[in-house]
Amino acid sequence: MGVGAVAPIISLAALGRGADTATAALIVTLVGVGSLLANVPAAVLTTRYGERISMVLAAAWASLGMVLGIVPSNLGLFALGVGMLGMAGAVFNLARQSYLAEAVPMKFRPGPCPCSVG
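Residues numbered from 1 in each chain as written. Predicted model: local features only at pLDDT ≥ 70, side-chain atom pairs only at ≥ 80, totals over all residues. Heavy atoms only, no water.

Draft legend 1. Structural view of the overall build of the chain. Each helix and strand counted, the chain has four helices and zero strands in total. For the chain, the N- to C-terminal ordering of α and β elements is α-α-α-α. In terms of overall dimensions, the chain is more spread out than a globule: its C-alpha atoms have a radius of gyration of 17 Å, far above the 13 Å expected for 118 residues. Taken over the C-alpha atoms alone, the chain extends approximately 55 × 35 × 20 Å along its principal axes. In the chain, buried positions account for 25% of the 118 residues. Partitioning the intrachain contacts of the chain with sequence separation of at least 6 by distance along the chain shows that 68% fall at a separation of at least 24. Per element, the accessible surface of the chain, about 7700 Å² overall, is 73% carbon and sulfur. (Helix = DSSP H or I, 4+ residues; strand = E, 2+ residues; numbered from the N terminus. Rg over C-alpha atoms; globule rule 2.2 N^0.38 Å. Buried < 20%, exposed > 50% of the residue type's maximum accessible area, 1.4 Å probe, protein only. Contact = heavy atoms within 4.5 Å. Areas by Shrake-Rupley, 256 points an atom, 1.4 Å probe, with all protein chains shown as cover.)

Draft legend 2. Region of interest: the packing of helix H2 (residues 21-49) against helix H4 (residues 75-103). Packing of H2 against H4 leaves a shortest axis separation of 6 Å and a crossing angle of 40 degrees. With respect to H4, the axis of H2 lies oblique. You can see that H2 and H4 cross each other, and the crossing is right-handed. Counted together, Thr23, Ile27, Leu30, Val31, Gly34, Ser35, Ala38, Asn39, Ala42, Ala43, Leu45 and Thr46 of H2 and Leu75, Phe78, Ala79, Val82, Gly83, Gly86, Met87, Ala90, Val91, Leu94, Ala95 and Ser98 of H4 form the full contact between these two elements. (Axes fitted to C-alpha atoms, helices over the stretch in contact; angles between N-to-C directions. Parallel < 35°, antiparallel > 145°, perpendicular 65-115°, else oblique. Left-handed = near helix turned anticlockwise from the far one by under 90°.)

Draft legend 3. Expanded view of the confidence of the model for the chain. On average, residues of the chain score 89 in pLDDT, and 93% of them reach the 70 mark or higher. Within the chain, no element has a lower average pLDDT than helix H1 (residues 2-16), which sits at 87, and none a higher one than H2, at 94. (pLDDT = per-residue confidence, 0-100.)

Draft legend 4. View of H4. The end-to-end C-alpha distance of H4 is 42 Å, a good match for the 42 Å that 29 residues give at a rise of 1.5 Å each. Residues of H4 that are buried include every one of Phe78, Ala79, Gly81, Val82, Gly83, Met84, Leu85, Gly86, Ala88, Ala90, Val91 and Ala95, and no others. (Expected span 1.5 Å × (residues − 1).)

Draft legend 5. Inspection of the nonpolar core at higher detail. Core analysis: the largest hydrophobic core is formed by nine residues, namely Ile10, Ala14, Ala19, Ala24, Ile27, Val31, Phe78, Ala79 and Val82. Of all the secondary structure elements, the ones that give two or more residues to this core are H1, H2 and H4. By size, the runner-up hydrophobic cluster in this structure holds six residues, among which are Ala42, Ala58, Leu85 and Val91. (Core = buried A, V, L, I, M, F, W, Y, C linked by side-chain atoms within 4.5 Å.)

Draft legend 6. Up close: a nonpolar patch on the surface. A contiguous nonpolar patch, built from Trp61, Leu64, Val67 and Val71 and spanning about 330 Å² of accessible area, is present on the exposed surface. Of note, valine 71 is situated in the loop between helix H3 (51-70) and H4. (Patch = residues over 30% accessible without salt bridge, like charges linked within 9 Å, V, L, I, M, F, W, Y side chains within 5 Å. Salt bridge = Lys/Arg side-chain N within 4 Å of Asp/Glu carboxyl O.)

Draft legend 7. Layout of H2. Look at H2: 40 Å from first C-alpha to last across 29 residues, which is about the 42 Å you get at 1.5 Å a residue. Of all the bends in H2, the greatest reaches close to 50 degrees and is centred on asparagine 39; the proline proline 41 follows between one and four positions later. Following H2 by one or two positions, glycine 50 adopts a phi angle in the positive range, close to 95 degrees. (Bend = angle between axes of the 7 residues up to and from the residue.)

Below you can see the structure in the form of structure tokens.
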């Protein structure tokens, strides 16, 4: 939800740094590209270091990406920061799901949807 809320700001910031409309849209999609590229490393990181440390590292990585987005820089550094946000999101989401799978007992989890076929 946070990345969706910041997507218009990313495009406006890219336009403010001299990008045309297509390039600004491409930079917004770097959040998804960063997430896609980081999915497998996110699983390795979460397995090796645990959920809590992975979420802290993801928050630190996202903070660094935000700093790249805030400081006046060229479009390439801004795009790198946006990609880092996507990477951090992948790690954080995987670690959070893994933590919830371990922390919530089976009796509190919903069963299969009664409307499913098969």
